[in-house]
Every structure is written in structure tokens, then in C-alpha cells.
Amino acid sequence: MNTVHMKINGKPVEIEAGSNILAAAKKANVNIPTLCYHPDLPAWAACGLCVVKQENSPKLLRACAAPVQENLSIITHDAELYQIRKTVIEMILSTHPNDCLMCARNGTCELQRFAAEFGVREQPYEVRLVDLPKDTSTTSIVLDPSKCIKCGRCVQVCQDMQGVFALEFIGRGDHTVVSPAADLPLNDSPCIKCGQCSAHCPVGAIYEKDEIGDFVRAVSNPELHVVTQIAPAVRVALGESFNLPAGTITTGKIYSALRRLGVAKVFDTNFSADLTIMEEGSELVKRLTTGKGAIPQITSCCPAWTDYMEKYYPDMIPNFSTAKSPMMMQGAITKTYYAEKANVDPATIYSVAIMPCTAKKYEIGRDDNMHASGFKDVDLVLTTREFARLIKASGIDFLTLEDEKADSPIGEYAGAGTIFGNTGGVMEAALRTAYNLMTGEDLKNVEIDAVRGMEGVRTGEVDIKGTTLKVAVAHGMANVSTLLEEVREAKANGDEPPYHFIEVMACRGGCVSGGGQPYATTDEVRAQRIAGLYTDDEQSEVRCSHQNPEIKQIYADYLGAPLSEKSHHLLHTTYTERPLYKH
Amino acid sequence: MSAKKKENMFSRELISFIEKWRNKPGNLIMILHQVQEEFGYVSREAADQVAYMLDIPLAKIYGVLSFYHFFKTTKPGDHNIQVCLGTACYLKGGDMLVEELGSLLGIGLNEVTEDGRFSLEGVRCVGCCGLAPVLTVGKEVFGKVTKDQLPGIISKFS
Ligand code: SF4
Ligand code: SF4
Ligand code: SF4
Ligand code: FES
């Protein structure tokens, strides 16, 4: 590591070469305000809020973009910089509606925060607002161009992190908007509904579709039997909305909160993550041992990823696992298996999923396979952010709740189910069970380090008693192309496939940093949430999906065996090639 | 990218132009310019075709199309009326001509009449300030135009 020595406000700082001045300031316990910059993205230096001074030089630098240098001496705060920053904020506010009280980001908006910190009390500049309608065309997110401060984060996220290219800066100067091509609504564009743009937008210009009202109506309807499930990643992130550190496991409190919100049953998506492993693991073993079905098998539990594949890589459809996502499996068995067991009319069941994900709002209406029970398998998806608001608005004192347990018969989970929420987790969970399926024995050490980590693409080999399984993991949608190009090339050359099994999650780090998770997600936060899930796994009595007693029970009582006819009907799906643009 | 194209709508010259520029820096602007030369505007289909041929996202193409005032994404009328709004023409009442033409044709700036015959545009200096105010219809230039001449100019092309 190359170290650079410099000064921040006179205080000596040592820092890795190549860092920016923001990072150096952090080392000196100084926060420089930023608005366009996000640590996930290369600096774009658009807003000017992060200006700092170089000592003995008239030059102003943008701390987000300027690299550290040996002997550099930086002033981060003084009267003049204060005035410049306040002016920047006032200028942005002159083009920004001030209806904060009715904004989706009221209380979490980065611009609002700086306006408060800098004590903006008047509007010294001529007000020029953008008067354009909201784009509400997707099931998942809303675009409000009138709130956009043109920081560029969403465009960088959509193009560089996600490789989707749904959003672009359209127009020039004052007339620039962030929008899909050809004035199309977002829903007609290649958008995969991952919601990463909404998770990165500093203001209320892109936000999740709020459907809390539907939940409140459902629980107050005496005719409805409301049943819930929570995704793995929710339990290690929701706490942040109640000032707990990222990664704190709040599963028991979440169950308890749901009961207080008036739902009839509290189940867990983790149960169906185990079920997914049974189906997908069996599918993998079948493909490997019978030679039937395309290799590599690719995971399909992320709806943003399946949408992406159907649009950008339709030639990979045969490689996709036909297993539905855990959420959709849970929905299908809620209105069949559970309804039968509990003797409840499935027509009266209202099934709600609490998810880290905006794409899940799209998934429940993907196609007819999402009505496998004969009804809408999942009626409503609320993101973690909506769920946090719902708990607060319902007057539940979340932090003092007692831990409770999930309900039977589809609420229990193995450690394997919980790590579905992070990159590498689905792979690891599948390998634990595939090992058993292929050898009849259980792994002695269930922790498979080869697939853990944060690199965008990871590859490894796993030994299954003499059989080498080549596996690969990709997260952050744009990263998938390296792997898929390799697969395509091998296929074109008639070579052996380079991998047997590939796991893909659209969001960086996996669902732990899904588009519907609490704001301010950085790699640090991702690492903490992932650590939370691994801890949840370690603390689980049962680590492998096939050992989950409720999983054994559902196969014994209802499904028969993995890949049975009933399983196929309820738990598997199909994919279709879709055009990038609907029009 | 998996965009599919059935049949290439471009002329052989345009296709070889695109092939020539394919890997050069700044190629997108040049190519879109050439497309507009051929069709008079860059239609959605043409943009799709360029996206397909260059293997670049459609959003990137619209980013460029919308950035430069020069590019048109809607089909102009059979007769495109361009009123100069450069400084000289503007001072001599170019904007009045726009207003009057608008009300005569029943359209606003950058719009096309319902029958597709006329479109109306404001343009930067066309380089004959001595004749201000100037307007052009297709390749024909009209100088020192007064409001009363406008109905005559329109009927000439109707
Ligand atoms: S939801 Fe994802 S794909 Fe859609 S615009 Fe946002 S970042 Fe792009
Ligand atoms: S929509 Fe949000 S993230 Fe995108 S440019 Fe505007 S303010 Fe920035
Ligand atoms: S990685 Fe998870 S949170 Fe992100 S889009 Fe996929 S399923 Fe949703
Ligand atoms: S944060 Fe550095 S210029 Fe915007």
C-alpha cells in the first residue's frame, strides 16, 4: 500500500494513495457535506457542495473528486466555505419544490438535511420549478422529475452498477430530466424494477410505490385472513430504522410487531428459502446426474435478475432453474397447504410479503404462474422501508417488544434459508443440500468459504466426494455479463461449460442491500448486514434445508418429493423472452 | 444486447457510412447526423436501428439526440418553415413572425400541422443578417419578411 501524508485543517493524516479528500477528512474526524457523491459510485462532481480549500492557494477543490496528494494541506471548513455551501444549497432549493411535508423522503432527504443544518430560512434566488408529471407506470417505483436535483446518481447506478440503461439524462441545461429513451414511461423501458435508483436518490425524485394503505385496509377487514412472510434480509436491516446498528437481528421483534398489526399468522420466507433449496438443489443434481437440462444451472430467485435475463440474455432461459423464488413458493403453499391444514378458505386469505426489494412488487404479477394456488399467491409486497413506517405509524414501540416465534407449519427455518439474503448465500445453501443429495451424507463443515465475500464476481470449486463442482457467483447486475459471456463462448465453441452452477443477485451484496432497504447503504453497511445473516445461520440449530423438520413434514404430508408433480405445479415456473422496449 | 432487427431500413450508403465510423470516437453524433440527412429526422425506428448496429443502449442514443438542438425526433412537415431567431432577426421581429405563422397554421413552435403539410421551427442565425428578418421554407430563403407577406408565402406551398 502506498501511503500519502497530508493535513486536514492542520491535523496530519496518513491515507492510502488513490483515496479522495473526503476519506482523508473522515480520518481526521471531519465530515464534508456531499450531495451528488455516493461511495458506491465514481465521483461525478456535479453539485459543488463538497468544496474545500487548498492552503496557501486560491484554488477550490471538490473533495469527492480530488485525490489525496503528498504534503497536501486542506481546509475543510471556514466562514467562506460555509457561505459557498449555503449558497449552493439555496440555489438548488430555487429549483426544488418545497413541499417537504408531503414528500416521500420527508425525514430521510439529504437535501432537506443540509437545508436544516445550514439554517436556510429564505429563498434569495428566483424560483424556477420543473413542471412535469410523475411516472407511475411501474409496479415498483415512482419517478418525480419535479424533485430531481440532477445529481446523476440514478443514471450511474442504472447504467454502471446495474447495466440496464433504462435511465439517461435527456435534454440539456435547465431542461435536463432523468428519463427513459424516447419519452417512454419507465414500464415500457428495459427497467428491471430493482429500485437501486430509488435507494441511491438523495431526494424524493425516485421512491418506492407506497402500498401501506392496502395493508391497513386488509387487516381491518373482518372477512380477510391476513397471513405474512418476511424475507431473510429484512431481519438484519429493519433495526436501522429504529436506530439499531446495521446487522442487528430483529426477527423475534418483527414477528411480534406483525401480530400487533393484527395479522392472523406470521410465517417466514426463510421456510420457503429452504423449500427452494430442496427443489433447486434436486434440479441441479438431476441435471448433473442425468445429463438432462442445460448446464450451468442459474439461480432464479431474484425477480430483477429474471427480468434482466428475459430481456438481455433470453438464450439463457434453458439454464435458468425453474424453481420459483422463496416468496412465490411461500405464497403458493400458503393458499394451498396451509389453507388445507388450517381449514381456512383460500379465497379469504390475504397474503402479504415484507421484502427488501421493489422488484418483488413486480414479481407477484409477473404471469399466470404466480396464481398457482388458483388465487393471487401473494397479494401485497411491502418493502422494509414501508414496513418501518407502518410500525411507527401504528404506535408500536419496536425496541421494547418481546421476541416471539413464527407460526407453524411454514415458519421454521434452517440457517441455510437465512443466508439467501446475501450474495453467495443461495449457492452455499444449495451446496449444503446438494452434497447430501449426491452422497447421502452431510457436510462436516457447512461453511463454504469459497463462495463467501464481496467481489462482484467470484468463482470457485467445491469437492463433492471426488466430484468437482465448478461454481460462480455474481451480484450487482452489471457484473453478470462477464460470467454469461464465458458461458456463451464455451457453448459457441462446443466446449465444456465453464461452470455447473451460477448464483446471480441483482443488487450489490445481494438482497441485504435491496432497493427497498433502509437508506444510506454503503459497503460498510452491507458487510454488517451480511455478518448479521451469517450470525443468524451460526445460531440456528439446524443448518441445512433438508434437515428443517417443517420441510420434511411438507414433503411427507403434501408435496411428496422434490420435483414431484405437485411441486412442479406450485413451486416451479417458466420464462419468456421479452423485448427491451415494449413499444 | 439482444435487440432484434428484422430488416435494415437504411440505404446502402448509410450502412457503409456507419460501418466506416463504427469504431471512431465521436461516431454517434456523426452517424445520427447522417441518419437525419437521409430521413430529415431521426425516427424511433432509425434510433433502434442505430442502437442495434452499434450495439449501444437506446437510452444513450436519446441522450445525444436530446442534447443537441440540431436533432429532430419527429417527422417535419412536407414544408418545414424555419424562422431565424438569431440576434439580428430577433431584433427585427423574428419572434412576431413565429407568432403570426403559428396562428395562421394553428400550431406552435416545433409542431406539425395535422395534415402534415407544414412544420414550424425557430433556428439560430442562418447567416444572412442583412436580410433580417429571415425565414426559410425548405431550401428557399425569404428576406425582409413582413407579417402581411406570410399568407402569400404559405399559399405558395399549399
Ligand atoms: S429500478 Fe433499476 S433498472 Fe429500473 S430505473 Fe431504477 S436502477 Fe434502473
Ligand atoms: S432522480 Fe434522484 S438520483 Fe436521479 S439525478 Fe435526480 S436527484 Fe439524482
Ligand atoms: S437481489 Fe434481492 S433485493 Fe435485489 S432485486 Fe434481487 S431479489 Fe430484489
Ligand atoms: S459531492 Fe462533490 S461535487 Fe457533489
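Residues numbered from 1 in each chain as written. Chains lettered and ligands numbered in written order. Predicted model: local features only at pLDDT ≥ 70, side-chain atom pairs only at ≥ 80, totals over all residues. Heavy atoms only, no water.

A. The arrangement of the overall build of chain A in detail. For chain A, the helix and strand inventory stands at 18 helices and 17 strands. Against the 2.2 N^0.38 benchmark of 25 Å for 583 residues, chain A shows a C-alpha radius of gyration of 25 Å, consistent with a compact globule. In terms of overall dimensions, chain A has C-alpha extents of about 75 × 60 × 50 Å along its principal axes. Within chain A, the proportion of its 583 residues that are buried is 61%. Working note: accessible area of chain A is about 22,600 Å², and carbon and sulfur atoms make up 51% of it. Computed over 57 positive and 73 negative side-chain charges, the inter-centroid distance for chain A is 3 Å. (Helix = DSSP H or I, 4+ residues; strand = E, 2+ residues; numbered from the N terminus. Rg over C-alpha atoms; globule rule 2.2 N^0.38 Å. Buried < 20%, exposed > 50% of the residue type's maximum accessible area, 1.4 Å probe, protein only. Areas by Shrake-Rupley, 256 points an atom, 1.4 Å probe, with all protein chains shown as cover. Lys, Arg positive; Asp, Glu negative; His and termini not counted. Charge placed at Lys NZ, Arg CZ, Asp CG, Glu CD.)

B. Examining the sheet that holds strand β15 (residues 457-464) of chain A more closely. All names here are of chain A. With mixed pairing, four strands are arranged side by side in an open sheet as β12-β17-β16-β15. Of all the strands in the sheet, the pair left with one neighbour each is β12 (297-298) and β15. Bridge count between β12 and strand β17 (residues 501-505): two bridges; the pairing is parallel. Each residue of the ladder has a partner; that of Q297, found in β17, is F501. Of the strands in this sheet, β12, β15, β16 (467-475) and β17 touch helix α15 (residues 480-492), which is tilted by about 140° from β16. (Pairing = 2+ DSSP bridges. Contact = heavy atoms within 4.5 Å. Axes fitted to C-alpha atoms, helices over the stretch in contact; angles between N-to-C directions.)

C. Examining the domain arrangement of chain A more closely. Residues and elements named next belong to chain A. Along its sequence, chain A is organised into domain 1 (3-77), domain 2 (125-208) and domain 3 (213-571). Between domain 1 and domain 2, the C-alpha centre-to-centre distance is 29 Å. On the domain 2 side, the residues contacting the nine residues of domain 1 number eleven residues. For the pair domain 1 and domain 2, the summed buried surface comes to about 860 Å²; carbon and sulfur atoms form 63% of the total. (Domains from an automatic or database assignment. Buried area = accessible area lost by both parts, 1.4 Å probe.)

D. The arrangement of the site of ligand 2 in detail. Every one of the 13 residues lining ligand 2 counts as a neighbour, but C148(A), C151(A), G152(A), C154(A) and C201(A) are closest to it. Tallied by class, the residues present in the shell around ligand 2 amount to ten nonpolar, one polar and two charged. (Near = heavy atom within 4 Å. Nonpolar A, V, L, I, M, F, W, Y, C, P; charged D, E, K, R; others polar.)

E. Local environment of the interface of chain B and chain A. With 13 residues of chain B at the contact, the number on the chain A side is 19 residues. Of the roughly 1,300 Å² buried at the junction of chain B and chain A (both faces included), carbon and sulfur atoms supply 60%. At the boundary of chain B and chain A, one finds one salt bridge. Measuring nitrogen to oxygen at the nearest pair gives 3.2 Å for the salt bridge that ties K60(B) to E168(A). (Salt bridge = Lys/Arg side-chain N within 4 Å of Asp/Glu carboxyl O.)

F. The pattern of salt bridges, seen in detail. Residues and elements named next belong to chain A. Under the counting rule described, the total for this entry stands at 42 salt bridges over all chains. A salt bridge links E428 to R432; the nearest nitrogen and oxygen atoms lie 2.8 Å apart. Of this pair, E428 and R432 both sit in helix α14 (residues 425-439), separated by four residues, roughly a single helical turn. Exposure remark for E428: the relative accessible area of 0% places this residue in the buried category. A relative accessible area of 0% means that R432 is categorised as buried. Ionic contacts of the salt-bridge type, sharing partners, join the residues E428, R432, E447, R452, D537 and R543 into one network.

G. Looking closely at the domain arrangement of chain B. Annotation of chain B at the domain level lists domain 1 (12-67) and domain 2 (79-157). For domain 1 of chain B and domain 2 of chain B, the distance between their C-alpha centroids amounts to 29 Å.

H. Seen up close, the environment of T384(A). Residue and element names in this part refer to chain A. Mapping T384 onto the fold places it in helix α12 (residues 384-393). For the pair T384 and M329, spaced 55 residues apart in the sequence, the C-alpha separation amounts to 20 Å. Residues within four places of T384 in sequence aside, it is in contact with V234, L238, M355, P356, G516, Q517 and P518.

I. Quick look at the site of ligand 1. In the neighbourhood of ligand 1, the contacting residues comprise I141(A), C158(A), V164(A), L167(A), C191(A), I192(A), K193(A), C194(A), G195(A) and C197(A). Its residues placed into classes, the shell around ligand 1 shows eight nonpolar, one polar and one charged.

J. Molecular detail of the packing of helix α8 (residues 269-290) of chain A against helix α17 (residues 549-559) of chain A. Residues and elements named next belong to chain A. In the contact formed by α8 and α17, the axes pass within 10 Å of each other and the chain directions differ by 65°. Between α8 and α17, the angle is such that the two are roughly perpendicular. With respect to the hand of their crossing, α8 and α17 are arranged in right-handed fashion. Taking contact as the criterion, the partners of F271, D274, L275, M278 and E279 in α8 are, on α17, E550, I551, I554, Y555 and L559. (Parallel < 35°, antiparallel > 145°, perpendicular 65-115°, else oblique. Left-handed = near helix turned anticlockwise from the far one by under 90°.)

K. Focus on the pairing of strand β14 (residues 380-383) of chain A. All names here are of chain A. Of the two faces of β14, both are covered, the one formed by L380 and L382 as well as the one formed by V381 and T383. Relative to β14, strand β13 (residues 349-355) runs parallel, the two being bridged by four bridges. Note on β14: the bridge partner recorded for M355 is T383.

L. Quick peek at the sheet that holds strand β11 (residues 265-266) of chain A. Residue and element names in this part refer to chain A. The sheet built from four strands is open, its strands ordered β11-β10-β13-β14 with parallel pairing. Each end of this open sheet is capped by a strand with a single partner; those strands are β11 and β14. Across six bridges, strand β10 (residues 225-230) lies against β13 in parallel orientation. Bridged to H225 within β13 is I349. Sheet contacts for helix α6 (residues 212-219): β10, β13 and β14; angle to β14, the most-contacted strand, approximately 125°.

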